[in-house]
Structure formats: C-alpha cells, structure tokens
Amino acid sequence: MKVLVAIQQRHPYSFGDICVLQPVLNFCLNKITDPEPDILSFEQFLIKCMVMAKSVFECKEYKPSVTGRVMDENGVTLEQMKKNISNAVAGVLTRLLPNERIVLLCNVLIRRYFVLTTSDLEEWYENPEVFHHEQDMVQWTEKLRPCAEALYIVLFENHSQLLAPIVVSILQEAMNGCPTSTTEITPGLLLKDAAYGAAAYVYYDLSNYLSFRDWFNGALSLELSNDHPNMRIIHRKVALILGQWVSEIKDDTKRAVYCALIRLLQDKDLSVRLAACRSLCLHVEDANFSERDFSDLLPVCWDSCFKLVKEVQEFDSKVQVLNLISVLLGHVNEVIPYASNLMQFFQLVWEESSGESLLWIQLLIALRNFVIALGYQSPSCYSMLLPILQKGIDINGPDELNLLEDSMLLWEATLSHVPAMVPQLLAYFPCLLEILERNFDHLQVAVDIIEDYIILGGREFLSMHSSSVAKLLDLIVGNVNDRGLLSILPIIDILILCFPMEVPPLISSTLQKLVVICLSGDDGDPFKTAVKASSAAIIARILVMNTNYLAQLTSEPSLSSVLQQTGVAIEDNILLSLVDVWLDKVDNVSLPHKKAFGLALSIILTLRLPQVLDKLDQILSVCTSVILGGTDDLTEEESSGDNMSYGRSHDEDLLPSKELRRRQIKVSDPINRLSLENSVRDNLQTCAALHGESFNSAIAKIHPAAFAQLKQALKMP
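By the naming in an unreviewed UniProt entry, the chain goes by Importin-7/11-like TPR repeats domain-containing protein and is assigned to Gossypium mustelinum.

Participant: Can you lay out the nonpolar core for me, pointing to particular residues and giving the numbers?
Facilitator: As a rule of thumb, soluble globular proteins bury nonpolar side chains together. Ranked by internal contacts, the top residues of the largest apolar core, which has 257 residues, are Y152, F346, F370 and W582. If you tally residues by element for this core, the top one is helix α27 (residues 443-476), at 16 residues. Excluding residues within four positions of it along the chain, W582 makes contact with A536, I539, A540, L543, F597, A600, L601 and I604.

Participant: Could you give an account of the packing of helix α3 (residues 18-33) against helix α5 (residues 43-57), naming the residues involved and the relevant values?
Facilitator: Between α3 and α5, whose axes approach to 9 Å, the crossing angle comes to 130°. Taken together, α3 and α5 sit at an angle that is classed as oblique. Crossing angle aside, the handedness with which α3 passes α5 is left-handed. Counted together, L21, V24, L25, F27, C28, L29, K31 and I32 of α3 and F45, L46, C49, M50, M52, A53, V56 and F57 of α5 form the full contact between these two elements. Tallied by class, residues from the contact of α3 with α5 come to 15 nonpolar, no polar and one charged.

Participant: Could you give me a rundown of the side chain of K192, with the residues and numbers involved?
Facilitator: Tracing the chain through its elements places K192 in helix α12 (residues 187-201). With a relative accessible area of 1%, K192 lands in the buried category. Reaching out from K192, the side chain makes a polar contact with the backbone oxygen of C178 at a distance of 3.0 Å. The contact partners of K192, leaving out residues within four places of it in the chain, are A174, M175, C178, P179, T180, E223 and I234.

Participant: Quick one: what's the story with the packing of helix α37 (residues 616-629) against helix α43 (residues 704-713), residue by residue and with numbers?
Facilitator: Contact geometry for α37 and α43: axes closest at 9 Å, N-to-C directions at 50°. Between α37 and α43, the crossing angle belongs to the class labelled oblique. Our pair here, α37 against α43, has a crossing hand that is left-handed. Together, L620, T624, I627 and L628 of α37 and Q709, L710, Q712 and A713 of α43 make up the contact between the two elements.

Participant: Lay out the packing of aromatic side chains in plain terms, naming residues and giving numbers.
Facilitator: All chains considered together, the criterion is met by 23 aromatic pairs. Between Y258 and F294, the ring centres sit 5.5 Å apart and the planes meet at 85°, which makes this aromatic pair edge-to-face. Highlighted residues: Y258 in helix α16 (residues 251-265) and F294 in helix α18 (residues 291-294), separated in sequence by 36 residues. Overall, the relative accessible area of 1% leaves Y258 in the buried class. Classification of F294 as buried rests on a relative accessible area of 1%. Aromatic side chains W302 and Y338 sit 5.9 Å apart centroid to centroid with 45° between the ring planes, which places their arrangement in the tilted category. With W302 in helix α19 (residues 298-311) and Y338 in the loop between α20 (315-331) and α21 (339-352), this pair connects stretches of sequence that are 36 residues apart. Comparing W302 with Y338 shows no difference in burial state: the two are buried.

Thresholds applied
- Residues numbered from 1 in each chain as written.
- Predicted model: local features only at pLDDT ≥ 70, side-chain atom pairs only at ≥ 80, totals over all residues.
- Heavy atoms only, no water.
- Core = buried A, V, L, I, M, F, W, Y, C linked by side-chain atoms within 4.5 Å.
- Buried < 20%, exposed > 50% of the residue type's maximum accessible area, 1.4 Å probe, protein only.
- Helix = DSSP H or I, 4+ residues; strand = E, 2+ residues; numbered from the N terminus.
- Contact = heavy atoms within 4.5 Å.
- Axes fitted to C-alpha atoms, helices over the stretch in contact; angles between N-to-C directions.
- Parallel < 35°, antiparallel > 145°, perpendicular 65-115°, else oblique.
- Left-handed = near helix turned anticlockwise from the far one by under 90°.
- Nonpolar A, V, L, I, M, F, W, Y, C, P; charged D, E, K, R; others polar.
- Polar contact = N/O pair within 3.5 Å; in protein donor to acceptor, adjacent residues only side chain to side chain.
- Phe/Tyr/Trp six-rings, centres within 6.5 Å; stacked < 30°, edge-to-face > 60°.

As structure tokens, then:
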C-alpha cells in the first residue's frame, strides 16, 4: 500500500489506467467499509488505505476536463492524452462510487472511525495534553481517527449536496439518543462526540441545513453547564465546533460564545483547554471580532493563559498558548493593565525556550505585538525585551537563520515606538551592517530600521555610527536591483535633509554611484526611470543645500574615471549633463522633488559657463511650470487628510514619535521653505550680469507666450 500510494501521487496519469486504479481503489474502499477482524486491528494498513482513497478523491488530474478538443489536429498532443485519461478516470470513479457507496462510506467513517475507543479514552486519561496533539489534524497520516477525518472532509467536499442531509440526520439521531444531562460514557455519548466532529469540520456546507444559533442555544450551551468529568469528551468537541463555525456566529450569539470559550479555557481537562485556546484564536482573528463584547472577559482570559502555559509540558502546547496571547495583543486595546504579568510570562517562555526555534519565533511575534500595544510606554518592558532582541539580531547565534526575520521586525517595532532613543538601542546599529553583508533577504525591514535610527537618533546616532552608515549605503547602492534601490533612495534623501553639511562628504562613494545612475540610460523601463528620477532629486537637494560640495563632487577625477569605466560618455562637464537629467525627468517626480529640480536649475543660472545660455529656454520653462503648478509642503502620503495635526499639538500626542519626528523634519525642509520664485528672479539677474549681451540674445529667443508665462510666474511687470 505504501508503494501504491507513492506511485499514485508521483505518476497520477499512469496510475489512472482502468486496470490499476479500479482494483486498487475498490480494494481500499472495501477494506475501509468492511474490514476483516484482523484488518480492523491493523491500524497502519487502514491508514494507508484511507490515504490512497483521499489521494484519488482530491487528485486534480482526475477531475474531468471542461475544455473541448480542437478538431483535425495532427496526432494527439500530450495535453490531449492527459485530458483523455482525466475523462476516463472520471468515468471509472463514477462507476466505483454510486450514491449508495458514498453514503455508506460517510456513515462508516463517522460511526466507526470517528468514535473514541477504550484505548483512546485511556490515553486521554493518562495524558490529556499528548492526546490533544495526537488527535490534531496536522498529524493526520499518523493516527487512524485524524486520517478518517481527513478522508471524510475530501469526500464531503466532492459530494456535499448528497452528504449534507446525511450528516445532519446522524447529528440529530446522536443528539436525540444522548440528552444533554447524560454523564455516563455510553455508546450514545461517543456517537454524539463523533457526530459533533463531523459537523464541526464541514461547517461551510452544513450552515444551509443547520442553524448555529438554535444548535448552540438548544444543546451546546446546556452541555457546557454539565460539569461532570466525563463531559470533557463533549466539551472538547464543543470547543472545536465554536472555532470551526466562527463565520456562522452572528452578533446576537457572539457574547455567549465568547463566554463559553472562556469557560472552556478554565476547564479542568488540559485537552479541552487547549482546544478552547485554538478556537479563541480563530475568534479574535476573525474580521467580525467584537472587542466590545469581549473586553470584560480579558482579565480572566489573560489569567487563564498564564496558568495554562505553566501547566503544559508539550512544546506544541506552549506554542499554541503563546499564539493566542500574540493574537490578543494584536487585536485588543486593554494591554497596559496586564503589562507586568505579560512581561513575567514572556521572561518565563524565553528562559524555557532555549533551542526551540519555533517557540522563539512565536515569542518574537508576540513581543512585537506587545511593543506595538504598549506604544509610548514600551520602554517599561526593556529590561525583559532588549536581551531577547539582542540575541535575535546576532547573526553568529546558533538559531540565527530561523529567528532573524522576526527579530528584525521586532527591532523595527521597538524603534518605531520609542519616545526617545536609548543607549542600548543605539549600540545595536552595527548588527544591521553584519546582517546586510551576509545577504539582502531582509532589505525592506532593514531600510525601515535605518530610517528609524536617522529620525530618532539624530546627530548622536550619526556621530557614533557614521562609518557604518557609509558602509551600509555603499553596500546597498550598486548591489541591489531597482526595487531595492527605490526603497533605499528616500532614506538617503532624508539623511541629507537632516545633515546637509556632514553627510554628503561621508557618503561620497554612494553619491558617485547615484551620479552614474543619473547619467546612464533607462531604456524606458519604468523602474529604471523611477530610480534615475529619485537619484536626480537627491543630487538636486545637495546642490541646493550644499552647493560647494556638489561642485567639488562633480569635478573629482575619481567620478570621471567611474563614469568612463561604466561606459557613460560626457560631452560637456558632469554638472551640465545633470542639468539635462533634471530637465528630462521633472515629470517623473513628486511635487516636492519638482521644486528641488527647479531650485537646482535656478542655481545653475549662476554658473560662469556659456553653455548655460544654450539651456536657458528649457531651464526657465521648467521653473515656470513648477512655480505655476504650485508646490505642496507635504508628500502625497502625508497629504491624505491626516495632516490636520500640524499646529494642533494635542493630536501630535497620538502619533508614534517616529511619525511625529518625520513630519517635523519634512516641515522644516529648506526646499519646502525656500521661494523658487525669488530664487529664479535673483539668479536671472546674476546670469544677466555674468553673460551681458549673450544673455539678452538668449532671452530674446524665448517664445513670446513662454516669456509671458515666465513674467507671470515671477510677478514681473
């Protein structure tokens, strides 16, 4: 059977031959529905029969094709052969599975294989935690009941209209045969447990035949009020049903269901509590989760989680509880009153999770949600948080590969929610260089972290880590693709905006690469065009904010040699070639960058170069259009209605400190504050004084309509 299963999964078309598929599947179905006594005790063999049947039922290659054949083909193509086999197999399955056999198989799976055995109950009694995980559908190929459940789900999906009334009738029969007040473990109770499981797994089709509200009010809630120890069998299934049917639970029942799950989370039986734990996760994550109905249950929910994690021994159990805590942190507001308990909890999990990277990952996700939930008050948890973070971002640690992504996300969240930079966080920055020197797998979150350090660390950060910053930018620019460049260029722009005099000399190697990008062709590729335009905006910013440095950069012999090596031909000097880029790319940038281009071009008017006059018409045309087009003080993403907080300090308290600081930086940007109109007017006078009569003849060549617009823009009489 093992060999046959492997062949069918690897070679479904060959296996689909009628001489193979029909006898094998027929044999498997007979063994499942009518096993000899010795087969019934041979669980591993029955599991293989069920795996084979499930594999055939869900095999997409055996679904009949709905596309027709093109007539008069020369020979039969491979695709056509596959379609022919699929259609033939569909016929074999129809003959092998008449309605009566499908109904029989469904009945046998529920009534025989779903029912708990004496040995199951003994296992449960001895170790409820291990029993819970062994019955988990995740390990469905290892145990007979989970395997039968997996086969049932596929069978039901393929024949839902036929089987839905059958499942509902089994459920009604089981509920009628076992009242909610029953306490003895009878065949009736075990059948009800099996029927509950069958109804839980296929909620998406049963909801048309069964009202959840009536079921819950009429039976499920009454069963939860029966505290007899034997009722754990039903309680565990009720917990499963409440999680599976989450999408069918309407507002008028939500509150009662939440209360029921919290009650199950406090059950005496660990297996019931772990089932409730998983179902609560599904409810809290649900798009229609009602925090209003849940908020007063939070204290007992947190408390139950803390108790549960202390009682469980299994690794999978700890992951499950930690997942619920993580989900709660991400979806509820009431976190601060429980912060100290949560810190103790996380500390305990960290100490106990050594070498368990899956548990570590879950811990890192939960901590990230915790930091975000605490917001400005997050430094209160640093004594617990920072040692964990430091270990996670250490690429020399044994679990580095598994933990790095979630550790970096936690790092970024920690920085985003710190009211002021602290020395420990400042000291972690060089780790980012080590991470990126290895690969660029986590570039986007790394870029966000760099931005956090620039915005929050300020001058102290730059003076402490200037060499790391220079190495990082040099490493990224030139070694990543265009998408990667588009993520890092805004960071270079904000770095120069914050430190216009200090940063350009520090990152001269990176800036040379940006000049090369500006002066290389972009082949009409939209990404290359965007990279070129953004790079040109950075160079324009330097010209406006640190004019002397740009003049020095463009005249350095090393830049000319880099341009020659990359095959970029320069006709005039480099600065004039950049002018062509600003003129060409002005329509590819946002409004603030357009203004940077305009200011840079107006400065070009003051150069003692006769070639400036050849470009005078174009320079003035661009400057005119930028002035008359208007410039916003905000970039697009900041002008979306949340800019009301400018000048309204009480709103600023609600913003994360990083966002507030970023806005303050943008507002104080000299490019926003400088008047392009005044700059062009003053620099035109300088240009006239430098070039005399040549200037007058260049102005005379401007089209009268363009000249009239220029006068309007500069408010000239």
